[in-house]
Amino acid sequence: MSFQDPKYLNYLTSEQALADFALLIRFLKERSEARDSAVIAIGGSYGGMLAAWMRMKYPHVVVGALAASAPIWQFEELVPCNLYYQIVTNDFKKSGPGCAESINKTWSALNRMFKSDEGIRWLSGTFRLCAPLKSQDDAAGFKNWLSETWVNLAMVDYPYPADFLMPLPAWPIKEVCKYLRNPNLDDKQLLQNLFQAINVYYNYTGNTQCLNTSQTAVGSLDDLGWSYQACTEMVMPFCSDGITDMFEPQTWNFEAFSDDCYKQWGIRPRPKWITSVYGGKNINAASNIIFSNGGLDPWSVWR
Ligand SMILES: *[C@@H]1O[C@H](CO)[C@@H](O)[C@H](O)[C@H]1NC(C)=O
Ligand SMILES: *[C@@H]1O[C@H](CO)[C@@H](O)[C@H](O)[C@H]1NC(C)=O
Ligand SMILES: *[C@@H]1O[C@H](CO)[C@@H](O)[C@H](O)[C@H]1NC(C)=O
């Protein structure tokens, strides 16, 4: 029932999660041989933030924390909002000659295609879309879907095959970049290559019938809860400038973000709450926390 009424979702907060862990750890210790053992919090991504915050808020419960890819500073203005997309861009630059540059050029090629009905039909066919694009109004959504695809690839650019967001080969960005070597092609050639490139992400298994622009990860990821959290506590500002990164310029627009949240969840975000509760950069009182991340990881912005 959690997702049927916002009143149930009120409990979905990081503070509540930490309190649950405090009780759970105590419960488990009382019922096991580990009564006197020290406990270390371990987590990655959102769980990495929880691990770090657990040590900060409950130092009597956990003696330390390993916080992997934990972006505890991706809030307010603690880091510049375009760093994240710069790291994503660097991942593509490192993975093949012409790769980031090719992606950089797809946006204007797409904008030209979206200008005519013939171009829009051509895109729907070339990208084998489940639902054909209808008009120029679909351009923003289509480009968002592509941006999210690049961002997701950066998050899962593992050196071994894995299937966290999608089933993927080892070093998936290198595979993607094999199709994006030449930025100086005409629009149709460039966009045909773009289709081949994103098909590495969407069709590595070979079982994908058509591409669904409403989806950027396997359904089992179940990220609806995160969407609610991003609309309440976890307000993370992102932006791109199209110069230091390969994305279309986009400013961080809190009002628009808040309006979208209101439409989807009937609530408005509290952008200053996380730093109020957890201290932002002022965490000198905390100890015994390891923040780990790989250099390709866009969540390493706080470095
Ligand atoms: C996915 O790959 C399979 C096998 O190569 C192919 O038959 C199918 O048409 C591809 N689907 C898309 C959407 O390109
Ligand atoms: C596309 O994805 C959305 C969101 O997951 C889903 O509701 C819809 O059924 C999918 N469409 C097709 C044709 O698979
Ligand atoms: C993207 O294109 C713009 C404008 O042509 C250029 O200034 C920028 O350096 C390019 N970025 C990359 C990563 O290629």
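Residues numbered from 1 in each chain as written. Chains lettered and ligands numbered in written order. Predicted model: local features only at pLDDT ≥ 70, side-chain atom pairs only at ≥ 80, totals over all residues. Heavy atoms only, no water.

Asks: What should I look at first to understand helix α2 (residues 14–30) in this one?
Replies: Since one α-helical turn is 3.6 residues long, residues separated by three or four positions face the same way. With 17 residues, α2 extends 24 Å between its outermost C-alpha atoms, agreeing within 8% with the 24 Å of an ideal straight helix rising 1.5 Å per residue. Each element contacted by the buried residues of α2 is listed here: α3 (46–57), α10 (224–230) and α12 (273–278). (Helix = DSSP H or I, 4+ residues; strand = E, 2+ residues; numbered from the N terminus. Expected span 1.5 Å × (residues − 1). Contact = heavy atoms within 4.5 Å.)

Asks: Explain the site of ligand 2 here, please?
Replies: Every residue near ligand 2 is listed here: Cys 130, Asn 212, Ser 214 and Gln 215. Asn 212 is positioned with one of its side-chain polar atoms (N or O) 2.3 Å from an oxygen atom of ligand 2. In the environment of ligand 2, an oxygen atom lies 3.1 Å from a nitrogen or oxygen atom belonging to the side chain of Gln 215. Considering ligand 2 on its own, with 360 Å² of exposed area, one finds that the protein chains cover 36% of that surface. Classifying every residue of the shell around ligand 2 by side-chain character gives 1 nonpolar, 3 polar and no charged. (Near = heavy atom within 4 Å. Polar contact = N/O pair within 3.5 Å; in protein donor to acceptor, adjacent residues only side chain to side chain. Areas by Shrake-Rupley, 256 points an atom, 1.4 Å probe, with all protein chains shown as cover. Nonpolar A, V, L, I, M, F, W, Y, C, P; charged D, E, K, R; others polar.)

Asks: Please clarify how the domain arrangement of the protein chain should be interpreted in this entry.
Replies: It is common to report an interface's size as the accessible area lost on association of the parts. Split by domain assignment, the protein chain resolves into domain 1 (11–76 + 272–302) and domain 2 (83–220). Each of domain 1 and domain 2 was reduced to a C-alpha centroid, and the two centroids are 34 Å apart. Listed by partner, the interface residues are 7 residues for domain 1 and 10 residues for domain 2. Summed over both sides, the interface of domain 1 with domain 2 buries roughly 740 Å², with 73% coming from carbon and sulfur. A per-residue breakdown of the area domain 1 buries against domain 2 is headed by Leu 296, Pro 298 and Val 301, which together make up 74% of the total. At the boundary of domain 1 and domain 2, one finds 0 salt bridges. (Domains from an automatic or database assignment. Buried area = accessible area lost by both parts, 1.4 Å probe. Salt bridge = Lys/Arg side-chain N within 4 Å of Asp/Glu carboxyl O.)

Asks: Help me out: how do you make sense of the nonpolar core in this one?
Replies: Generally speaking, a soluble globular protein has its nonpolar side chains buried in company with each other. The biggest cluster of nonpolar side chains holds 82 residues, and the ones touching the most others in it are Trp 53, Phe 92 and Trp 150. Of the residues forming this core, the biggest block, 9 residues, is contributed by helix α9 (residues 187–202). Both domains that meet at this core, namely domain 1 (11–76 + 272–302) and domain 2 (83–220), each give it at least three residues. Once you skip the residues sitting within four places of it in the chain, Trp 53 turns out to touch Ser 14, Leu 18, Tyr 58, Ile 72, Phe 75, Met 234, Ile 274 and Tyr 278. (Core = buried A, V, L, I, M, F, W, Y, C linked by side-chain atoms within 4.5 Å. Buried < 20%, exposed > 50% of the residue type's maximum accessible area, 1.4 Å probe, protein only.)

Asks: What's the story with the side chain of Gln 74 in this structure? I'm lost.
Replies: One can find Gln 74 in the loop between β2 (64–68) and α4 (83–94). A distance of 2.9 Å separates a polar side-chain atom of Gln 74 from the backbone oxygen of Pro 237. Those residues in contact with Gln 74 that lie beyond four places of it in its chain are Val 79, Val 235, Met 236, Pro 237, Phe 238, Trp 299 and Val 301.

Asks: Would you take a moment to explain the pairing of β2 for this structure?
Replies: Note on strand geometry: in a regular strand, side chains alternate between the two faces of the sheet. In the sheet, strand β1 (residues 40–44) pairs with β2 via 5 bridges, with the strands oriented parallel. Residue Gly 44 lies in a different strand from β2, and its bridge partner there is Ala 68. Relative to strand β3 (residues 289–292), β2 runs parallel, the two sharing 4 bridges. Residue pairing in the sheet places Ala 67 in a bridge with Phe 291 of β3. (Pairing = 2+ DSSP bridges.)

Asks: Teacher, can you tell me more about the packing of aromatic side chains here?
Replies: The geometry of an aromatic ring pair comes down to the distance between the two centres and the angle between the two planes. Within the structure shown, the criterion is met by 20 aromatic pairs. Judged by centre distance (6.2 Å) and plane angle (45°), the ring pair of Phe 3 and Trp 265 falls under tilted. Of this pair, Phe 3 sits in the segment before α1 (6–9) while Trp 265 sits in helix α11 (residues 254–265), and the two are 262 residues apart along the sequence. Residue class for Phe 3 comes out partly exposed when judged on its relative accessible area of 41%. Residue classification places Trp 265 among the buried residues on the basis of a relative accessible area of 10%. Considering the side-chain rings of Tyr 158 and Tyr 160, the 5.6 Å spacing of their centres and the 5° angle between planes classify their relative orientation as stacked. Looking at Tyr 160, the relative accessible area reads 47%, which means it is partly exposed. Of the aromatic side chains, those joined through ring pairs into one cluster are Phe 114, Phe 127, Phe 142, Trp 145, Phe 195, Tyr 201 and Tyr 202. One Lys or Arg, Arg 270, reaches over the ring of Trp 273 and ends 4.2 Å from the middle of that ring. Directly above the ring of Trp 73 sits Lys 281, whose terminal nitrogen or CZ lies 4.8 Å from the centroid. (Phe/Tyr/Trp six-rings, centres within 6.5 Å; stacked < 30°, edge-to-face > 60°. Lys NZ or Arg CZ within 6 Å of the ring centre and 35° of its normal.)

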